[in-house]
Amino acid sequence: MMMKQAQELQEKMQTMQARLEETETTGQSGAGMVSVTLNGKGQMRGVSIDPSLMQPGEAQVLEDLIVAAHNDAKT
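Per chain, the residues get numbers from 1 upward, laid out in the order the sequence is written. Where totals are concerned, whole chains, interfaces and linings use all residues; where local detail is concerned, this predicted model gives features only for residues with pLDDT of at least 70, and gives and counts side-chain atom pairs only at 80 or more. Remark: hydrogens and water are excluded; side-chain values derive from all non-hydrogen atoms of the structure.

(A) Seen up close, the sheet that holds strand 1 (residues 24–29). With antiparallel pairing, the three strands of this open sheet are ordered in space as 1-2-3. Of all strands in the sheet, those with a lone pairing partner are strand 1 and strand 3 (44–49), marking the two edges. Ignoring which end each strand starts from, the neighbouring axes of this sheet average 15° apart. Along the sheet, helix 2 (residues 59–74) makes contact with strand 1, strand 2 (34–39) and strand 3, crossing strand 2 at roughly 40°. Here, strands pair whenever DSSP counts at least two bridges between them. Segments assigned H or I by DSSP are reported as helices when at least four residues long, segments assigned E as strands when at least two residues long, and all are numbered from the N terminus. Angular values range over 0 to 180 degrees, each being the angle between N-to-C directions of two axes fitted as lines to C-alpha atoms, with helices fitted over their stretch in contact. Any two residues whose heavy atoms approach within 4.5 Å are treated as being in contact.

Below, the structure written as structure tokens:
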């Protein structure tokens, strides 16, 4: 009986893990100019950057906005 319950619990955990991988959330920064999409496990699935941010000498601003969007998605 105990082994069957353990097996059922393991199957439920595997199902939940699969759902976490499929779940996605998007965070934004810079009034939507940068967005980051994460799955439920916190793995980054995508980044979108407004082309106007890709200017010479603006790397630090862009980097900060990516970090802020990532943190927003995690929240």
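Here the narrative resumes.
(B) Layout of the side chain of asparagine 39. In this structure, asparagine 39 sits in strand 2. Only protein chains enter the accessibility calculation, which uses a 1.4 Å probe. A residue is then buried if its area is under 20% of the maximum for its type, exposed if over 50%, and partly exposed in between. Residue class for asparagine 39 comes out buried when judged on its relative accessible area of 3%. Side-chain polar atoms of asparagine 39 contact the side chain of glutamine 43, separated by 2.8 Å. The contact partners of asparagine 39, leaving out residues within four places of it in the chain, are Leu20, Glu21, Thr23, Glu24 and Arg45. Polar contacts, as counted here, are pairs of nitrogen or oxygen atoms within 3.5 Å of one another; within protein the pair requires one atom able to donate a hydrogen and one able to accept it, and residues that are adjacent in sequence qualify only if both atoms are side-chain atoms.

(C) Geometry of the side chain of serine 29. Its place among the elements puts serine 29 in strand 1. If near-sequence neighbours (up to four positions away) are discounted, serine 29 is found in contact with Val34, Leu65, Ala68 and Ala69.

(D) Structural detail: the pairing of strand 3. Across five bridges, strand 2 lies against strand 3 in antiparallel orientation. Counted as the bridge partner of valine 34 is isoleucine 49 from strand 3. Hairpin remark: strand 2 followed by strand 3, antiparallel, with four residues in the connecting loop; positive phi at glycine 42, about 85°.

(E) Structural detail: the nonpolar core. Val34, Val36, Leu38, Leu53, Leu62, Leu65, Ala69 and Ala73 together form the largest nonpolar core, which totals eight residues. Listing elements by their share of this core, those giving two or more residues are strand 2 and helix 2. Per-element accounting of this core gives the leading share, four residues, to helix 2. Sequence-distant contacts of leucine 65, defined by excluding residues within four places in its chain, comprise Ser29, Gly30, Val34 and Leu53. Residues belong to a common nonpolar core when they are buried Ala, Val, Leu, Ile, Met, Phe, Trp, Tyr or Cys residues joined through side-chain atoms within 4.5 Å.

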